[in-house]
Structures are given as structure tokens and as C-alpha cells.
Amino acid sequence: MSENAAIKILICQGTGGVSMGAKEVEAEFFRVIAEKGVDAIVGKRCDVIKTGCRGLCANDVLVDIITEEQGRVTYDFVTAEEVEKIVDEHIVNKTTLEKRKAKPYYNTFVDQQMRVVMTGCGQINPESLDAYLAEDGFKAVEQCVKQMTPASVIDEMKKSGLRGRGGGGFPTGMKWSFCAATPGKVKYIICNADEGDPGAFMDRSILEGDPYCIIEGMMIAGYAIGATAGYVYVRAEYPLAIERLQMAIDVCYEKGYLGKNVMGFGFDFDLRIKKGAGAFVCGEETALMASIEGERGMPRPRPPFPAVKGLWGKPTNINNVETFANVRHIILKGADWYASLGTETTKGTKIFAVTGKVKHTGLVEVPAGMTVREVIYNVCGGIANNRKFKAVQAGGPSGGCIPADILDTPVDYDSLIKAGAMMGSGGLVVMDETTCMVDVARFFLTFTRDESCGKCVPCRIGLKAMLDILERITEGRGESTDIDKLLEMGTTIKKASLCGLGQTAPNPILSTIKYFRHEYEAHINEKRCPSNCCKELLLWRVIPEKCVKCGACLKACPVDAIKWEKGQLAELIIEKCTKCKSCYDACRFMAIE
Amino acid sequence: MVNLTIDDKQVTVANDATIFDAAKAAGIRIPILCHDKKLHPFGGCRMCLVEVEQMKGRLIPACTTPVSEGMIVRTATDEIMTARKLVLELLLLKHPLDCPVCDAAGDCDLQNLTYEYKVNSNKFTDEKFHWKIDYENPLIERDQNRCIHCGKCSRICDEIVAFGAYSFVNRGIEAKISTPFDEKLDCEYCGSCISVCPVGALIAKPFKFKARWWALNRVKTVCSYCGTGCQLTLGVKDDKVLTTVYDEDQGFHNGQLCSRGRFGYQFVNSDQRLTNPLIRKNGVLEPSSWDEALNLVAARLGEAKNYDPSGIAALVTPRLTNEELFLFRKLFKEIIGTDNIDHSAGYAHEALTKGLKESLGVTASPAEIADIQKSNLLLVIKTDAYETHPVIGFEINIGVKRKGIDLRILSDKAGKLSKLPDAKSYIHKPGSELLLVTAMAKALVDADLVDTACKGLDEFKTSLAGISIEAVAAKTGISADTIKSLAVDYARAERALIVLPIGLGYSGHGKELTQALTNLAILAGKIGKEGCGILVLGEKNNSQGAADLGIHPTTGGRDAAAILAGCQSRAIKFLFVAGENPVVSYPDRAKVEKALDSVSFLVVQDLFLTETAKKADVVLPVKSFAEKCGTFTSAGRNIQRIRKAINAVGQSRSDREIFAELIARISGVAVSGDAAALLGELASSTPGYKGVTFENLGDNGFIYPVEISPKLVTVILEESPAEEGKFALVTGSSLYHCGTMSRFGEGPMLVAPETYLELGRKDAAKLGVAEGDSLKVKSAAGELTLKVKVGVRLPEGVVFAPYHFESSSINNIVTGAPVTYVTLSR
């Protein structure tokens, strides 16, 4: 940092930050700095900069202050009330507020990652073209158009080994080459930002935190393929992402980075946003295209593949947000550099959305090939509440679970599939000993059953039939043939369904049966939920040997169904109990069963 | 061509074939529920799953997957059978299984496949749905509980009918096919959805509880309504036509039918059918024997002939078969010796018999129906052709939606086809189409876009000298630039076809308009080539046949208008009306009635005691198209067979038998009334029909060739000046009716039971009327009170009324001019 560099105050303003009051914090910084004349006092400009997501949304509002003396210091859980104090102490007095600093685990969380795709995210102002340009923005597309032929751009992508980050892992360069090879004057580029897996929000964070990099990635793809128009299909549930991306598109048009004769390079590229209307299945590429066309979002049979006959019947290349976000880095730093990251078959980094019973939930970008154990324990701090790890669901409702004994599975496409899960869009839901695996399967199936478009029979009716069986099992009405029925149906539904939704929806069931068959058997044969999770199978009583007489259950119970007095064992009054499980969740000693 | 192996059989098929097509070609049946060859691939039911060696890991839908070289396909492995059985079990889990009361039983793909795959138990249990059944719309009963979500109804309605009555709604297990806002179905009732429904979710209400499918005898014939010439399969039981049966392999239209064709068959077994000859005695029509009636007619005809053959005239409907028209002509032209014969009020065939005859030397269109799909630009004139010829409308829909045909509609009102993607409608002032087309020719000449080789070019150019495109623009309401660019677009299209529907509802300048259009085609070099030329759509099922056989005055005799005038002036003393109903369908009802009342002897042969028949001295009951054999010739020159499906209703006889009897009685020479023999006779004397026999007509008929000699013709422009302050009334066809016969069909009458006056929203607001209100419509000829229908397709100042109905028949106020100016009052 040079002598006169401004003091930078970076305030995380992703959806997580905003919902925790980042806007108020930002306003307060502006107010305090202006009112106190801080710039004059410290003799430097104080830049309050909004940024995208840092990843550890649980600790929002995150504020990074970068000064010459103290370097970069992160404060977490910042509220507007604390701003004045932070300014006084940290900026004016140049002393770090040690108590308010983010705990060491925050730095571990950050340092253990490798940020490639998310370099800009959380660092630069997503609403500023200048900020993007300062980070070599639009240099990659310039390099492509000025120094490379479309074919060599595709070769570079192929050489990099980048695979589609939407879940399937299809080699991106190859996909581009198919679309480039299809004859046709009109071709389209689509960015799939219909991120719908429960708990996954990496695409949202990139759009919110670094929207220009998506535009640039799509422009490069357009140049390589010969497409002059693109759509970004964003789900309407991402208002902030839409707002920022639209702002970026508008600025690009204004400054000549989009439209006719882009940047004077002699190639045209138009881009517009199409908002999704809340259907999960529209993340499937053919349903997505149907939706853009104004049809009901229902998948269409492939072949013909979009590269041959896609949007409006024209050759179309469709990649997801994270894939496009990789493109500029590959061009700028070279395919060889990119290929040096990751494993033999999965190059580069991958962003995971880690949620569930883990200490630090959030977005984590790591090089492909890191083990699941490292992600959960080294980056995210391990399991919360000192409970025992049971499994991690990788790949959301389409994926499968990875139990403790194969926790050293590397996170790459092929290893995860071998383990019975999948990369998917990168959701990792961590489960501990209190999570019932039958219930997990039921949860994901409830989701896919609701989100089935209703077009093909196996998915529409088959998932409902499977869910009926699972519900029966979790309610203690399971039958001895149920497991076989689920296995048989699941296998057939996978093979017989029309689109990715149906073809993967049975995965959570099949993988939980594979690794946790005993839990199913306990539910069916003993009418018992080993994780004490399925309400209908709980005994609803206090275990005297385990109860420490703390009374936490009494406080948690909303209906006065717990009898407890200081120093006494708690007692559960079954007549009053509504089986809400508040007491169970509140008990740190597993004393309720 | 692509080579592949299916179940160890080597198959070679076209590149664009699917695995399903290839298997079919190899004689291997793959089960399907959601596939239809007419529709875009869907791939929803998963019954057609097969295994492909090169695509291991999942099962491949045969109906959507294109073949590729060297593919190895298996269609019936254990895994496939398991998957198919699972699909059926799952479908049956929700299906109500009410087969005993379901009208589709016996014709149900789900039932048949369940049987074939022996699905006699279900691993699963679940509650059934209880969706509300739509009993409320007039023709289609919709029971979503039976639906298996193949989506065919929604797809056919969108892709081919281009109406879009249905769509999937909801997600997951609650997904279903629904109408807008889940209300009762409100569509154009073509019933295409019923035809493709693989189960009993959609059934034809008129057929409900009428018969089991397996009890039906199926008879292939041709629809007897419009000139499209759709093939039809009648479902017959106990000597009654009970329904029409869908056959996807029938005709150019793949079994597609419109509302009239599908639901209008009930006139055949209507209880209003005439069953006995009737003779007027003491002013009252009384039943008689055939002998008595025929003797009387023959005697009076003979007398009149002996007195003066030119005092005899005959009108005939072009609904009769070619063989019957041939005998009709023989009877009147040869035996009686009068040239006073005509059909369709004269003007409804002038486009062919005068227009094309003078321009091209033939009385038939040079283009065929298949040319629609082969063209790049369609110029549709007068109306959008959908209301008159709905199945040709389907062809246009498909052409525009799938092949991107550039559709241009020149009409006085917008129509359904105006809504097609990128269709351009040129809504001109009523009656000005002739001027408009002439101005287009002028624009071509001005732009030097004319084929210099065409005959009579210099003379034609001179005839256009007085035309100012700007002046035409003012008169038509279409700007000069638009006229010019339309002309240029037409000329520059690689292949361009003109479509002109004609009929009793579209009166005035038929000949001139046809000639002006043909001039345009000749000038632009758009004739005599594939996808080019002009297609004149005759109104009735055999309008083209009537033109081919010369059922109009050819040697200076009276045409229809002159015949009626002659009746009134008593120059015509004997009038024979075969199947026509001039009282309702010819212009100027008062004049027609006066004419019929004036004639000394009136013979009417018809299916029903029509308003015309009620005035007759003798009424002869005839057979419907379902009771006889013969041929019809479609607008596209396709000669097709009709076949007898049931025995005669009552004592009715075919028109053919009656004419033969009369010829025998009058001339004393027996003629054969045998259809096959008559076809042979007429084929040898009718250009293009040579060699045609019942045997060699085949399933799809025979499109006879025409030799044209194109010639530019100077068109006489007649202008009908607008009357200030009045509404322009244009008449035409209702989508649900054709002529006046459809009034005896239950289906059409349930949807469109009466005459109405359609007007635009602005005019309705100005007049302060709403849908269903009544308006007094007054013209120079008379006054009528009509129910109001408010729509969006009519420009301000223009109103529309269909012509088919007896009560409040529109010919009370229209007199055959291209436009009738009327005043409207509440």
C-alpha cells in the first residue's frame, strides 16, 4: 500500500449482509466519517465500499478495514450502533478493537480456501465498473478478440480442463466446440442462474458480488461460439442479484461494453435478464429454454441437444454462473495455470455452500480434490454443539450422502459419484447424530416431489409413491418389503425419467439405504428412530440417567408440557405435548427420547 | 439413410427417423401413450423406453430419439419390461379405473397396454383424485381424473389448431391439464383433443353412452361439408351413424377434423329427415308413393319440355356426388334440352367457372392443398380461410408455425389466422379487395418486377394506366407504401401462393377478383410452379366437381339469378331444385320467395323439409352422403370416394336414382343409375378425370392434372361506394357451419344455434350494447333483429353476420352486393 492510499472500509452487502443491516452500517460509517471529518483527522481519504459476499454469512455484518498501519482487520457481527466506536478506535486512534475483531476461526475459514472464482466477490464494489476494470476487467475478452481466434479460445478452454459447474461436470470447452460447430447465423449463450438447490447460494453470491465477471465470461463464450445474444436466467427469488446484474448490464450498454461493435472490437453482443418464476425444474436446461420462450417450464427430450437445437430452435450454449465466472481467469492466467489446480479429472476450484450441523456455515471455495473431511473440519470448524458427525449430503436433492467412513473422499466430480453422491451445484449439508437419515431422504424427496414438473410418469407419480412409503416408515407404519420396493423403484425411476430432476431424485434414498440401511430397518422392524428424530416414533419421555436437571427443556416448551423444578428431574406431560421437538432440540444432553 | 439394428433386425431408415419410426418400419411395435406423429416430440409417458447399446446407463425414449448409424437397440429386455410395468402401475394408481362407464373403453391405450403387460395388481396404494368434471361446455366432456398427462390435447390445440385452450398447470403430482383459470372449456370445439386423447379424459358428449367402440362398424368416406375434402371415418351401429372415428393415417390432414366434420354428422340420422315423397294436394304436402311422385314430376317435366324447354330451369347443390351431378346435367341439358341450370346462386362458383376459366383456361385451381406447405409466402384473400375451410386453416397454422411461411391476409376483418406468429393482416375497407389487388399489380409494373414473358403484358399495362396507387390507398384504407411493399414481398418470395375462399356468404365480384389475383400471379411469375399459383377454395364438398362437370349455363342459358328472375316474370314455369335451399342461402330472400311462389311447378329433392321444400309441389326425399357411393372432388382437385355406411333412411333414394328414374320415364330410355358405371361415363368426358374408376382411386383419391394457359386479363373494376354514416355489413361463414345443412347437425347447433351480428368493441360501446343484446339491422332490402356478439376482429364501422340460419336469415337484408350498408339501432 502506498503512502497516500486511502483507508478502505469494506462492508459485505450480499443478501446475507443486507438482511443483517449492512445498509444501516454503511450509512452510519458515511455519517460518522463525514460528521467527524475523519478524512482530515487522519489525513487520508476513507473509502466506504460495499462489496459482495465473503462467504461466512453467519457472521454478518462483516466489515474489513484496511489501513496502512494495521493492515486488514475484520470485524464481524457489526451493528450500526458500534460503528462510531470502531471509527474512533480503529481509524482515528489506530488501535484495534480486539474484543470486536473476528475470532481466529474467521481467518482460518478464509485462509484455508483458495479464491479464484470469488476473487472479486467481497473485495470490490459490485456496482462499480471502474472497480471491475481496476481488477483487469474486460481484459480477458479484449485478449480473446484481439489476439485469439474463436477456435483458439475454445482450445484454451479445453486445455484448462474446466468442467461445467452446474452439476453434470461436462467439459466446458467441448460444449462450446459443439455449439460452435453447429451451422447457423443466430446462436445464443445462456447463463443458468436458476440456482434452486436448498441451501446453495454460490451463484447468487457471484452475481451479487461480481456481476461484471459473468458478463465478460458470456461475452467470451459468445465470441468463441459465434453467438451475438445472451440471456441470464435468474430466479426471481434473487432480487439483489437481478438488481446488480441489471445495473451492470445497463452500464455496459452505456459504456459500449455490450451492444453493437462491443468496445470497438467489431463484434456484437446483446445481453438480457430473464427472470424465472420459481420453478426448480427451470434449472434444467431444456425447461429453462422453454421458460425463456414463454412456455411452461417443462423439460424437452434430448437429443436434440441445445448445442444443435436450443432456444427458439437455434444452436445454444448454456453454462451456469460459476462456470462463466471461471472463464476470464482462465484466459488471463492461462489454461496451464488453471489445469495445474485440482485433480486429474477435476481442474480448478469449486465453491461449496456448507450448511447444516457444522460450526461455520457459508460459502467455501477450495481446490478440487480437497477431502470432504478437510472442508468440514479444517475450513468450517467441524460439527456444532460437540455432536458426532454422521454424514454429509453432497449435491442437494439430486445428490447422495457420504458417511463418516468415507469422509476422506476428495471433492471432485468422479470421486463423489463413486461415493454415491454428486458434485451437483456444490451444496454440502452436514448432518450429526441427531439427524435421521430416513427423514433426510424424506425431506429431499418432499422437495423433488413438489418440484416435479408433472410431465413424465416416473417422476410425477413415482416420487409421490416413494414419498408415501418413506412417510409411512417415518411414522412407524413401515412394512418389511418397503426397502426393496424403494430400491427397485428408485433404480427404475432413475433410468426411466425424462430429465435430470427425475433421474437424480431417488439418489438421496438410494444412498441413505446404501449406507444407513440399519436406520431404515430400525424404523420398520422396531418402530424406532435411532436418531430420535421422527416425531411419531419418539417415546416422549425424559431419560432419568441422562437428565442433568438443568431445566432447559422447560424454557423451550411452548405449551407447558414440561414439569420441572430446580434440582429436580424434568418430566414430560404427554397429554399436553404437541410433539414439536423444542425440548429435544434444547437438551444438550440427549436426555429426551 | 441410416443403418441400425433393432432386436437383431437390420433396419435402414431416413436420417430424420426416430427409433420408434425405425422399429415400426421393421415391424416391431413399441408401446406409446404420449407420442403422435403429427406433434412435436414430447417424451412424457416413458412407455416407449428402449435400450441403446451406445447410450448405456439409462433407458432411451424411442419416440423422441433420432436414429444414428450403427445404433444397437433392444426393445423388450427385462429391465425395459420392469420400467414399462412400473409406468402402468403408477398411472393406474391415480386413474379411476371406471372402465365400465367410460366411453373410451375398448378404444383406450391405457386399458390395452394394462392388459398387454398383465398389470393385474399394484404394489402401491393411494387415493384417487377428485377433480371436478367439466360437463358444462356443449361438446367435450373433460374428466381430468382419467387423464394420464400425455399432453396431446394441449399440444394439438397449440401446434395444429393454434387455439391454445389447454395447458399444464400446477406441479408434481397435482399437475394437470387445465383451461384458463380452470373454468369450463370455451374453445372452437374442433374436438382434435378428443381425437388424440389416449384415454377417456376427453370424450365427445354427443357420443356418450351411444355405443361401445368394438361394436362400431367403421366406414371410410369423405366429409360432406366444405370443399377441403377431409377424409372421414364414420362409426356405424344398427344402421345409424353414431360418431366419427379418428384415424391418424387418413388423408393429407392425418385424420384432423374441424368442429363440423367431427360433430356435425347427426343430420344423417336426424328425426327431421324426410322419409316419404310428398305431393301438394289441396295446398297441403301429403305423403305419396315414389311411383306417384315420380310419375307426376316426369309428366309435368315432359309437358313443360314439350311446351318450351327454355321455360324449365334447375338448381342443384354442389353437395351431390359427381355421378349425380353428371346425371343431373344429362337430364336437364340432354334430355330436357335446357341450359338453365346452375348451383350456388351463380356467384359462389364464378371464381372458377368464369375467373379461372378466362385467365387460365381451366375451371380448377392450378395449385393443390399440398402447395400451402411448400410455399414461402401465402396471400390469403377475402377472409382468412379458417372460417370457411378450417382444416386448410390447420395446414396454414402448421406451415406458419413450423416452416415459417410468411402469411399475409387481405381481408375486411381480422380472423383467427391473423393471430399466428408474424402473420400480417391488411384490413381494408369492405368491398375494396379488388381495387387493392389491382393496385398491387400496378405496383409490380411500376417496380419493374414483372415477368416480361407473360402474354398480353403491354395491353395489360395500358389497362392499368388509370390506376393510381395513392387513390386506391385512400379508398381501401391501406397506405400506398404498404400496398407497394406487399406487392414487392409477394414478387420477391421464392414461392408464393394465393388462397381465395369463395362461397355463398362471400358475395360479389368473384370473377373479377379471381382474375385480378391470377394476373398478379402471372405478372410475378408465381404460377405453374410448386408452392405457387392460386388456390380457389370452393365452399361445398363438391363445388369443384360441379365446376368440372359444367353445372352452370354454358350455352347462353340462365344462371341462378336469371332463373329466379325468370320465375318471377313467369318465363320459367317449371323449377327443379335439388338440394339447394335458396330461401335461406341465396341473397335477397324476399325476391327468392316471390320467385318460388310464382313458378307454376316446383320440385324439391332434399334431405329435409327445408324452407324451400315447403313451397314445393312435389318433395322427393333423398339419401345423405352416408347412404350412398360416389365421388366428391375437393378444392385441391382431389377426386375421392365416398362409401355407403348405412341403409337408406325411410324411403329416401339417392339423387342419382331419382335422376335415372326421371330420365327413363321422360325419354323412355333406361340409363344406368349405377355409380361405378356413371363414374366411368363421366370420366371419359370430363377433362382430367380420364381413366378414373372406384378401384384405382385408392385411399387418398386422385389429384387430377390441369393444363393451364395463363393469360393476363383486363379486369373491370366495379366500385361500391361507401354510404356515409352507415355500418358496412359483411357476411360470411360461421366456423361451426357450412351452408344450411349443418343446422340439422346437433353438434354445430349446440355451439352456434342462431344468426348473430358481430361488432367491434368500440362500436359496441358507441351503441351501448353488450354481448347478447339485440340490435335492429336495417338495409335498403329489409330489417332484422339480431343478437349481438362483441369481438376484437372487426374494425370500426364494420359488422359481420353469418348466413346459414333459417330464422333471421341474413338474406332478408343482403342482396348479393359485396357490402351491404346498414343502420343499427337498439
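Keep in mind it's a predicted model, so treat the numbers as computed, not measured.

Describe the overall build of chain B, listing the residues and the values that go with them.
Tallying secondary structure elements over chain B gives 25 helices and 33 strands in all. What you see for chain B is a C-alpha radius of gyration of 28 Å, in line with the 28 Å of a compact globule of 826 residues. Within chain B, the proportion of its 826 residues that are buried is 63%. Restricting to contacts in chain B with at least 6 residues of sequence separation, those with at least 24 account for 74%. For chain B, the exposed surface amounts to about 29300 Å²; the carbon and sulfur share of it is 50%.

Any chance you could break down unusual backbone geometry for me, citing the residues and the numbers?
Residue Val 61 of chain A follows Asp 60 of chain A across a cis peptide bond; omega there is 5°. On the secondary structure map, Val 61 of chain A appears in the loop between strand 2 (46-51) and strand 3 (63-67). Residue Pro 303 of chain A is bonded to the preceding Arg 302 of chain A through a cis peptide linkage, with omega at -5°. With respect to the helices and strands, Pro 303 of chain A occurs in the loop between helix 13 (285-292) and strand 8 (316-320). Of note in this structure, Met 263 of chain A is not a glycine but carries a positive phi near 50°. Within the fold, Met 263 of chain A resides in the loop between helix 12 (239-255) and strand 7 (270-276). For Met 263 of chain A, a relative accessible area of 22% translates into the label partly exposed. Of note in this structure, Asp 238 of chain B is not a glycine but carries a positive phi near 50°. Relative to the helices and strands, Asp 238 of chain B is located in the loop between strand 11 (231-237) and strand 12 (240-245).

With reference to specific residues and values, describe the sheet that holds strand 4 (residues 71-75) of chain A.
All names here are of chain A. Pairing is mixed in the open sheet, where four strands are placed in the order 2-1-3-4. Two strands bound the open sheet, and with one partner strand each, they are strand 2 and strand 4. Going across the sheet, the axis of each strand differs from the next one's by a mean of 20°, ignoring polarity. Across the sheet, helix 2 (residues 22-36) lies against strand 1 (7-12), strand 2 and strand 3, angled at about 160° from strand 1, the strand it touches most.

If you had to explain the packing of aromatic side chains to someone new, which residues and values would you point to?
Residues and elements named next belong to chain A. With the rule as written, the count across this model stands at 23 aromatic pairs over all chains. Plain terms: the ring middles of Phe 138 and Tyr 212 are 6.4 Å apart, the flat faces sit at 80° to each other, and that makes the pair edge-to-face. In this pair, Phe 138 sits in the loop between helix 6 (129-134) and helix 7 (139-147) while Tyr 212 sits in helix 11 (residues 211-225), placing the two residues 74 residues apart along the sequence. The pair Phe 138 / Tyr 212 is uniform in exposure class, with both members buried. Centre to centre, the rings of Phe 280 and Phe 447 are 4.8 Å apart; their planes meet at 75°, and the pair counts as edge-to-face. With Phe 280 in the loop between strand 7 and helix 13 and Phe 447 in helix 18 (residues 437-451), this residue pair connects regions lying 167 residues apart in the sequence. Per residue, the accessibility class of Phe 280 equals that of Phe 447, and both read buried. Taken together, the ring pairs in this structure connect Tyr 132, Phe 138, Tyr 212 and Tyr 257 into an aromatic cluster. Over the ring of Tyr 238 we find Arg 204, and its NZ or CZ is 5.9 Å from the ring centre.

Any chance you could break down the packing of helix 12 (residues 433-446) of chain B against helix 16 (residues 510-523) of chain B for me, citing the residues and the numbers?
Residues and elements named next belong to chain B. Where helix 12 meets helix 16, the axes come as close as 9 Å, and the angle between the chain directions of the two elements is 20°. In terms of their interaxial angle, helix 12 and helix 16 are classed as roughly parallel. Read as a crossing pair, helix 12 and helix 16 show a hand that is left-handed. Mapping the contact onto sequence places Glu 433, Leu 434, Val 437, Thr 438, Met 440, Ala 441, Leu 444 and Val 445 in helix 12 and Glu 512, Leu 513, Ala 516, Leu 517, Leu 520 and Leu 523 in helix 16. The residue inventory of the contact of helix 12 with helix 16, partitioned by class, reads eleven nonpolar, one polar and two charged.

Describe a nonpolar patch on the surface, listing the residues and the values that go with them.
A grouping of Phe 170, Met 174 and Phe 178 of chain A is seen on the molecular surface, where their side chains present a nonpolar patch of about 270 Å² in accessible area. Tracing the chain through its elements places Met 174 of chain A in helix 9 (residues 172-181).

Cut-offs used in this document
- All residue numbers refer to position in the chain's written sequence, counted from 1.
- The lettering of chains begins at A and the numbering of ligands begins at 1, in the order of writing.
- It should be noted that, the model being predicted, local features are given only for residues of pLDDT at least 70 and side-chain atom pairs only at 80 or more, the latter also being counted only at that level, while totals for whole chains, interfaces and linings use all residues.
- Side-chain calculation: all heavy atoms of the structure are included, whereas hydrogens and water are not.
- To qualify as a helix, a DSSP run of H or I must reach at least 4 residues; to qualify as a strand, a run of E must reach at least 2; elements of each kind are numbered from the N terminus.
- Just to be clear, the radius of gyration here is over C-alpha atoms, and the globule rule we use is 2.2 Å times residues to the power 0.38.
- Burial status follows relative accessibility: with a 1.4 Å probe on protein chains alone, a residue under 20% of its type maximum counts as buried, one over 50% as exposed, and anything between as partly exposed.
- Whether two residues are in contact is decided by their heavy atoms: any pair within 4.5 Å suffices.
- Note on areas: Shrake-Rupley with a 1.4 Å probe; residue coverage comes only from the protein chains shown.
- A pair of strands counts as paired when DSSP detects no fewer than two bridges linking them.
- Working convention: axes come from line fits to C-alpha atoms, limited for helices to the stretch in contact. Angles between N-to-C directions cover 0 to 180 degrees.
- Stacked, tilted and edge-to-face are the three classes applied to pairs of Phe, Tyr and Trp rings, where Trp contributes its six-membered ring and a pair requires centres within 6.5 Å; stacked means planes under 30 degrees apart, edge-to-face means over 60, and tilted covers the rest.
- Geometrically, a lysine NZ or arginine CZ counts as sitting over a ring once it is within 6 Å of the ring centre and also within 35 degrees of the ring normal.
- Orientation labels follow simple angle bins: below 35 degrees gives roughly parallel, above 145 gives roughly antiparallel, 65 to 115 gives roughly perpendicular, and whatever is left gives oblique.
- A clockwise turn of the near helix away from the far one marks a right-handed crossing, whereas an anticlockwise turn of less than a right angle marks a left-handed crossing.
- Classification used: nonpolar for Ala, Val, Leu, Ile, Met, Phe, Trp, Tyr, Cys and Pro, charged for Asp, Glu, Lys and Arg, polar for all others including Gly.
- Exposure above 30% relative accessible area and the lack of any salt bridge qualify a residue for a patch; like charges then connect within 9 Å, and the nonpolar side chains Val, Leu, Ile, Met, Phe, Trp and Tyr within 5 Å.
- What counts as a salt bridge is simple: a side-chain nitrogen of Lys or Arg found within 4 Å of a carboxyl oxygen of Asp or Glu.

Structural measurements only, silent on function.
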